[in-house]
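Structure at a glance
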Number of protein chains: 2
Amino acid sequence: MIRVLIADDEAMIRSALAALLRLEDDIEVVAECADGAQAVIMAGKLQPDICLLDLEMPELDGVQVADRLRSTGSATRCVVVTRHARPGVLRRALASGVLGFLPKSRSANEVAEVIRRVAAGARYIDPEIAADALSEERSPLTERELDVLRAGRRGESTVQIARALNLAAGTVRNYISAILAKLNVATRQQAVLLAEERGWI
Amino acid sequence: MIRVLIADDEAMIRSALAALLRLEDDIEVVAECADGAQAVIMAGKLQPDICLLDLEMPELDGVQVADRLRSTGSATRCVVVTRHARPGVLRRALASGVLGFLPKSRSANEVAEVIRRVAAGARYIDPEIAADALSEERSPLTERELDVLRAGRRGESTVQIARALNLAAGTVRNYISAILAKLNVATRQQAVLLAEERGWI
DNA sequence: TTCAGGTAATGACATTTGTCATCCCCGTAT
DNA sequence: ATACGGGGATGACAAATGTCATTACCTGAA
């Protein structure tokens, strides 16, 4: 019997996956969690074989949960599912010891198979994302430039960003100018959209 | 037998819901669609009793699909499920003839029950959202102002928005100025964020 | 009929952004 | 040692954006 913990903040998909996995006779769903913090606690208590973690969750995201579990020395193996499977995210996930990586664009009945493989000791990385990850370039922006972009992601003005980062307004303008040039877009908002899409911020 | 069409751009939840509904012996899943445009076509061909529509989809969103189906005189009844159930969205949905409204924060096994009720001629609106909708204020913006906001939601320039709507650039600036004043924010991006949060666009 | 409100446009103006050249400081790889 | 890149800053300039007053047309309610 493979003992599985499921964490996803969206109750509908969490319960749907749990119901489907319960139909498999070699899988037992031992916990359903609505956020990352809860997942860490329950995983510690129950020591499941597999944690099926959604990436997008409040408190702690799926990768952070995997990171915590690994650092506590837990033997639990983590599978991460995500809505927007960007190569950058895959890199983060692998660095945190995640063994399975599956975008939500795959069918639900593949989940059981991935769980079995990972439980058996193998790794499963969605082939499409893996291919992307090899080709797609990482962010061309420097750390500081990303800071500026993050600080301005909600349409904040130059001065507000400057205040938030303890910089001069002109410096912020320079950074933004560099960002726009590197990303080849015309406005901050487009830069933010692009960076969010690519998983850089 | 209740004949159901499912449309959701996320394959995992789409296939999971389909699989669960297939377990019910009074429900038959006749189609699975990955976007709104496809849903309209298939619904036209198959004339299902119920369309289970995700709100967030490319091409046409769930409410737009319901709108189209109604305007073609189809007898199909629409149930909309959504990730972010804002009162504004519920209002839009009801105006488009949607009969069932269910946030994804509900459990998957409630879906079958809602489908049965709607198929039987009743309406089902998630009680929590319904309560919110009564309290929350509607958009203070005019139709045209919303058009402008929508046209500029990706950081488009004034000229681009103007071209898209066949307006003079100055007119667009006026509209935006009015929007910012009404919403009491300083930049377009903040206006877009606020309007999206409130479900106005 | 009058009036309010939505739509559409101009022109003038102040501010904010984006661009560019130039400077300084620092750490590190050559 | 020195050249290079990143972080931080200034000043100047052009373009885009936001503000305001004013005008005009149309529609529906009082």
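The structure we're discussing is the one just above.
In short, a report on the structure. Quick caveat, the model's predicted, so the values are computed rather than measured.

**Considerations on the overall build of chain A**
Helix and strand counts for chain A stand at 10 helices and six strands. With the C-alpha coordinates aligned to their principal axes, the bounding extent of chain A is approximately 60 × 35 × 30 Å. By residue count, 48% of the 201 residues in chain A fall in the buried class. A sequence separation of at least 24 residues applies to 63% of the contacts in chain A between residues at least 6 apart. One finds the centroid of the 26 positive side-chain charges in chain A at a distance of 6 Å from the centroid of its 28 negative side-chain charges.

**Things to note about the sheet that holds strand β4 (residues 77-82) of chain B**
All names here are of chain B. Across the sheet, which stays open at both edges, the six strands sit in the order β2-β1-β3-β4-β5-β6 with parallel pairing between neighbours. Only two strands of the sheet have a single neighbouring strand rather than two, namely β2 (27-33) and β6 (124-125). Here five bridges tie strand β3 (residues 50-54) to β4, and the two strands are oriented parallel to one another. Within the sheet, the bridge partner assigned to isoleucine 50 lies in β4 and is arginine 77. Those strands touched by helix α3 (residues 62-71) are β3 and β4, and its axis lies near 150° from that of β3.

**Concerning the interface of chain A and chain B**
Taken together, the 31 residues of chain A in the interface contact 30 residues of chain B. The junction of chain A with chain B conceals about 2500 Å² of combined surface from both sides, 58% of it contributed by carbon and sulfur atoms. Between the two partners, chain A and chain B, sit two salt bridges. One salt bridge connects arginine 83 of chain B with glutamate 10 of chain A, and the closest N-O pair in it is separated by 1.7 Å. Taken together, the connections running from chain A to chain B amount to 18 residue pairs in polar contact (both at pLDDT 80 or more). Listed by contribution, the elements that provide at least two residues to the side of chain A that touches chain B are α1 (11-23), β5 (100-103) and α10 (188-197) of chain A. Counted by class, the side of chain A that touches chain B contains 15 nonpolar, nine polar and seven charged residues.

**As for the pattern of salt bridges**
Evaluation of the coordinates by the stated rule reveals 35 salt bridges over all chains. In this structure, glutamate 113 of chain A engages arginine 116 of chain A in a salt bridge whose closest nitrogen and oxygen atoms are separated by 3.2 Å. Residue glutamate 113 of chain A and its partner arginine 116 of chain A are both found in helix α5 (residues 109-119); the two are separated by three residues, about one turn of the helix. By relative accessible area, which is 39% here, glutamate 113 of chain A ends up partly exposed. With its nearest N and O atoms 3.7 Å apart, the salt bridge here joins glutamate 143 of chain B to arginine 150 of chain B. With relative accessibility at 55%, the residue glutamate 143 of chain B sits in the exposed group. Several salt bridges converge on common partners, so that one network encompasses Glu24, Asp26, Glu113 and Arg116 of chain A.

**Regarding the protein's contact with DNA strand C**
Taken together, 18 residues are adjacent to DNA strand C, and Thr158, Arg173 and Arg188 of chain A together with Thr142 and Arg144 of chain B come closest. For DNA strand C, the fraction of atoms within 4 Å of the protein that belong to sugar or phosphate moieties is 57%. At 2.8 Å from a base nitrogen of DNA strand C is found a side-chain nitrogen or oxygen belonging to asparagine 174 of chain A. Residue serine 177 of chain A places a side-chain N or O atom 3.0 Å away from a phosphate oxygen belonging to DNA strand C. Elements with a contribution of two residues or more to the surface near DNA strand C: α9 (169-183) of chain A together with α9 (169-183) of chain B. Split into classes, the residues belonging to the surface near DNA strand C amount to five nonpolar, nine polar and four charged.

Cut-offs applied
Residues numbered from 1 in each chain as written. Chains lettered and ligands numbered in written order. Predicted model: local features only at pLDDT ≥ 70, side-chain atom pairs only at ≥ 80, totals over all residues. Heavy atoms only, no water. Helix = DSSP H or I, 4+ residues; strand = E, 2+ residues; numbered from the N terminus. Buried < 20%, exposed > 50% of the residue type's maximum accessible area, 1.4 Å probe, protein only. Contact = heavy atoms within 4.5 Å. Lys, Arg positive; Asp, Glu negative; His and termini not counted. Charge placed at Lys NZ, Arg CZ, Asp CG, Glu CD. Pairing = 2+ DSSP bridges. Axes fitted to C-alpha atoms, helices over the stretch in contact; angles between N-to-C directions. Buried area = accessible area lost by both parts, 1.4 Å probe. Salt bridge = Lys/Arg side-chain N within 4 Å of Asp/Glu carboxyl O. Polar contact = N/O pair within 3.5 Å; in protein donor to acceptor, adjacent residues only side chain to side chain. Nonpolar A, V, L, I, M, F, W, Y, C, P; charged D, E, K, R; others polar. Near = heavy atom within 4 Å.

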